[in-house]
Amino acid sequence: MDIKVTVKQLGRKHPVLSEQKIEIAYEDSMIFLENLLKLIVQQQVEEFNAKSFEFEDEDYTKIPTDNYLNILTDTGKIGFGSIYNLNKANVQKAQDSVIQAFEDGMFAVFYNDEQLESLNQTIDLSLQHTFTFIRLTFLAGSYW
């Protein structure tokens, strides 16, 4: 099943990841948020592990263009698409991490502008709305 996903960060004009379609291994129309998060992580880990590892002195083909460079600097991270860590990602550890991060309030999930607040919340995928993931950041400083 295809779902639409957007990733944003609070306080930024441009999304970190614009709307894209992700194919998850699920056929039913109703799903719990916990299962959806695990399926998305599984798809992303499989995609990451399928990428080839390149040993190059310089990444000529992956240098960002001028218009894309501004968006990258706005997000605070500039990447060139290379993988420098040659270890494969572990699906189970990644799934455990995403569940823990959701429980700890590290990110929020919205489905058609409605916040999903519980891992046991049921989602109707047949509506085909966009999922929005917002990375939350904590304020630094003291209470005084």
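First, a word on what this report is: a plain description of the structure on this page.

Calculation notes
Residues numbered from 1 in each chain as written. Predicted model: local features only at pLDDT ≥ 70, side-chain atom pairs only at ≥ 80, totals over all residues. Heavy atoms only, no water. Phe/Tyr/Trp six-rings, centres within 6.5 Å; stacked < 30°, edge-to-face > 60°. Helix = DSSP H or I, 4+ residues; strand = E, 2+ residues; numbered from the N terminus. Polar contact = N/O pair within 3.5 Å; in protein donor to acceptor, adjacent residues only side chain to side chain. Contact = heavy atoms within 4.5 Å. Pairing = 2+ DSSP bridges. Axes fitted to C-alpha atoms, helices over the stretch in contact; angles between N-to-C directions. Buried < 20%, exposed > 50% of the residue type's maximum accessible area, 1.4 Å probe, protein only.

## Thoughts on the packing of aromatic side chains
Here the structure, examined in full by the defined rule, presents three aromatic pairs. With 4.3 Å between their ring centres and 25 degrees between their planes, Y111 and F131 make a pair best called stacked. A residue pair is termed long-range when its members are at least 10 positions apart, and Y111 in strand β4 (residues 107–111) and F131 in strand β7 (residues 130–135) qualify at 20 residues. In textbook terms, an aromatic cluster arises when at least three aromatic residues are bridged by ring pairs, as seen for F102, F107 and F133.

## Some words on the side chain of T130
Locating T130 in the fold gives a position in strand β7. In this structure the side chain of T130 is engaged in a polar contact, spanning 3.2 Å, whose partner is the side chain of E19. For T130, the residues in contact, after removing those within four places along its chain, are K4, V5, T6, E19, F110, Y111 and N112.

## Quick word on the sheet that holds β7
Within the open sheet, the five strands sit side by side as β2-β1-β7-β4-β5. Their pairing is mixed. The open sheet has two edge strands with one neighbour each: β2 (17–23) and β5 (114–116). Sheet twist, expressed as the average angle between the axes of neighbouring strands with direction ignored, equals 30 degrees.

## Here we look at the environment of E114
Within the fold, E114 resides in strand β5. Put simply, E114 and T132 are 18 residues apart on the chain and 9.6 Å apart in space, counted from C-alpha to C-alpha.

## Details of the environment of D124
With respect to the element layout, D124 can be found in strand β6 (residues 122–124). Exposure remark for D124: the relative accessible area of 24% places this residue in the partly exposed category. As for D124 and D28, which are separated by 96 residues in sequence, their C-alpha atoms are 9.2 Å apart. Ignoring anything within four residues of it in the chain, the contact list for D124 reads S29, M30 and Y111.

## Side note on unusual backbone geometry
Most of the time, phi is negative for any residue but glycine, and the peptide bond is trans. Positive phi, normally seen in glycine, also occurs at D113, with a value near 65 degrees. When you line up the elements, D113 lands in the loop between β4 and β5. Positive phi outside glycine occurs at Q128, with the angle close to 55 degrees.

## Describing the environment of K8
Along the chain, K8 falls in strand β1 (residues 2–9). A C-alpha to C-alpha distance of 7.2 Å links K8 and T132, two positions 124 residues apart in sequence.

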